[in-house]
Amino acid sequence: MAPFDPAALPELLPVFYRRLFPHGPYGRWLTYGGVVKNYFQQREFSFTLRDDVYLRFQSFGSPQELERELQKINPYKIDIGAVYSHRPNQHNTVHLGAFQPQEKELVFDIDMTDYDDVRMCCSSADICSKCWTLMTIAVRIIDRALVEDLGVRHRLWVYSGRRGVHCWVCDDAVRKWSPALRSAAVEYLSLVKGGADMVKKVTLSHPIHPFIRRSVDVVEKYFEEYALVGQDILGSPEKWDKVLALIPEDIREALQAEFPKKKDSVQRWELLRTRMERSRAGGRAATTGPCYADWEVMLQFCFPRLDINVSKGLGHLLKSPFSVHPKTGRVSVPLDLQRLDQFDPFAVPTISSLCQELDTAGSDGEREDTGETEPKRRMRDYKKTSLAPYVRVFEQFVEGMENARRGEKIRQSDLQGDF
């Protein structure tokens, strides 16, 4: 794929918003069936324009009005916020204190930069195929816990377009959660604690909570390939000293003497795991309690690192699905959890590649007169591009919510008929 040129954005964005942005399912998502009056109208959007001009508290009377505005101003970035007590674009006219967020999806933001202390291949905004495994692990752990532990159903996972992933939890009940409930949920899902100066950031105690046990099971599937081979975390004395700093001193000293005799990280980790399992089964566990330092190492290197502030507050905005990242040109696309291990962030369509695909397909709607309506023409356009499978994932998510809503209406109708 050719390198993206940010200077081309002003020319490409009008084509993207007019012919490729999935306005239909996007509007269906954010109206949630239109059950609540003014729900969409009271939703906050923000736009980042060229030269970092930032517009907050934008709101629209309908998805069609939003669509027209996107095509008019062609924002470099779209963020979605809460549903407020009043229309956000009228917030300055509302009595002080009356303008308050009422509800919002529970969202999670996982950014690769938060793993800089444990990844050796990249740093800052850079990513590669090796460290992207951390995002795969994060989605696996958090999604399982959301469904099995917290009982939610409707989750939309989205690639940010550069170096991370977002999750939108859209269940009707969850959208009404208070900041306290959101904080409790994200605290439950957080294990890595402490800032840059903290050496040991994961501490486990007996008995091990089932959430932690299941998280370890997920990490174990990826740990050798990611941490031992890809990151080579025990590949040199400098590297293994950082790992051994997380191990109890009595076990650490023996490992420091034996590590040089092993040929690579895989063999050294096997030695460490054997020693830890022996200590849990032997006298050390009987005197001081079981030690799970090997699990703590695995979790410190691989467990999801959540931005708590993004999740707990209703007033925080999050980048919209199908935004274009202005630095990479990549579209922020939904993730197919059935094919998560095959997802390649570098293969995600860019705005420039999509526009080239439209040109190659000869689908210039301005020169074709097929008698199609605008929505049908747009659907025909994006289906000819590499964006199509990602839009289908999004449509399936929206359809899943709509089917659940219809099922609930039928259930409520049946219950009323019993009386």
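The structure contained in this document is the topic of the report that follows. These numbers come from a predicted model, not from an experiment.

Topic: the packing of aromatic side chains
No. 1: The final tally for this structure, using the stated rule, is 25 aromatic pairs.
No. 2: Taken together, a centroid distance of 6.4 Å and an interplanar angle of 75° make the contact between Phe57 and Tyr84 edge-to-face. Placement of the pair is Phe57 in strand E2 (residues 54–58) and Tyr84 in strand E3 (residues 77–84), with a sequence separation of 27 residues.
No. 3: With centroids separated by 5.4 Å and ring planes inclined at 85°, the aromatic side chains of Trp132 and Tyr159 adopt a geometry described as edge-to-face. Taken together, the residues span a long stretch of sequence, with Trp132 in the loop between strand E5 (106–111) and helix H4 (133–148) and Tyr159 in strand E6 (residues 155–159) at a distance of 27 residues. Like Tyr159, Trp132 is buried.

Quick word on the state of the cysteines
No. 1: Applying the stated criterion across every chain, the model contains zero disulfides.
No. 2: Note on Cys167: no disulfide assigned, nearest cysteine sulfur contributed by Cys170 at a separation of 8.0 Å.

Some remarks on the packing of helix H2 (residues 23–31) against helix H3 (residues 63–73)
Each packed pair of helices is defined by two parameters, the angle between the axes and the distance between the axes.
No. 1: Contact geometry of H2 with H3 gives a least axis separation of 10 Å together with a crossing angle of 130°. Classified by the angle their axes make, H2 and H3 are oblique. The crossing of H2 and H3 is right-handed. Taking contact as the criterion, the partners of His23, Tyr26, Gly27 and Thr31 in H2 are, on H3, Pro63, Leu66, Glu67, Leu70 and Gln71.

A word on the nonpolar core
No. 1: Of all hydrophobic cores here, the largest spans 123 residues; its most connected members are Phe16, Tyr26 and Trp29.
No. 2: For this core, the element with the most residues is helix H7 (residues 210–230), which contributes ten residues.

Considering the sheet that holds E5
No. 1: The sheet built from three strands is open, its strands ordered E5-E7-E6 with antiparallel pairing. Two strands in the sheet have a free side with no partner beyond their single neighbour: E5 and E6. In this sheet, neighbouring strand axes are inclined to one another by 15° on average, regardless of whether the strands run parallel or antiparallel.
No. 2: Relative to strand E7 (residues 164–169), E5 runs antiparallel, the two being bridged by six bridges. Within E7, the residue paired with Asp109 across the bridge is His166.

Remarks on helix H8 (residues 237–244)
Each full turn of the α-helix corresponds to 3.6 residues, which orients residues three or four apart in the same direction.
No. 1: Taken residue by residue, H8 has Trp240, Val243 and Leu244 as its buried positions. When H8 is viewed along its axis, its buried side chains cluster within an angular range of 95° and face the same direction. In H8, those exposed residues whose orientation departs by more than 90 degrees from the buried face are Glu238 and Lys242.
No. 2: Close packing links the buried residues of H8 with helix H9 (249–258), helix H10 (265–281) and helix H12 (293–302).

Examining the environment of Asp51
No. 1: With respect to the helices and strands, Asp51 occurs in the loop between strand E1 (43–48) and E2.
No. 2: By relative accessible area, which is 70% here, Asp51 ends up exposed.
No. 3: For the pair Asp51 and Tyr76, spaced 25 residues apart in the sequence, the C-alpha separation amounts to 9.3 Å.

Looking at the pattern of salt bridges
No. 1: With the rule as written, the count across this model stands at 29 salt bridges.
No. 2: Between Arg163 and Asp111 there is a salt bridge, with the nearest N and O atoms lying 2.9 Å from each other. Of the two residues, Arg163 sits in the loop between E6 and E7 while Asp111 sits in strand E5, which places them 52 residues apart along the sequence.
No. 3: Taking the relative accessible area as the measure of exposure, Arg163 reaches 23% and is therefore partly exposed.
No. 4: Residue Arg155 pairs with Asp143 through a salt bridge whose shortest N-O separation is 2.9 Å. With a gap of twelve residues between them, Arg155 in strand E6 and Asp143 in helix H4 connect regions that are remote in the sequence.
No. 5: A residue is classified by how much of its surface remains accessible, and Asp143, at 11% relative accessible area, is buried.

Parameters and conventions
Residues numbered from 1 in each chain as written. Predicted model: local features only at pLDDT ≥ 70, side-chain atom pairs only at ≥ 80, totals over all residues. Heavy atoms only, no water. Phe/Tyr/Trp six-rings, centres within 6.5 Å; stacked < 30°, edge-to-face > 60°. Helix = DSSP H or I, 4+ residues; strand = E, 2+ residues; numbered from the N terminus. Buried < 20%, exposed > 50% of the residue type's maximum accessible area, 1.4 Å probe, protein only. Disulfide = S-S within 2.5 Å. Axes fitted to C-alpha atoms, helices over the stretch in contact; angles between N-to-C directions. Parallel < 35°, antiparallel > 145°, perpendicular 65-115°, else oblique. Left-handed = near helix turned anticlockwise from the far one by under 90°. Contact = heavy atoms within 4.5 Å. Core = buried A, V, L, I, M, F, W, Y, C linked by side-chain atoms within 4.5 Å. Pairing = 2+ DSSP bridges. Arc of directions from axis to C-beta. Salt bridge = Lys/Arg side-chain N within 4 Å of Asp/Glu carboxyl O.

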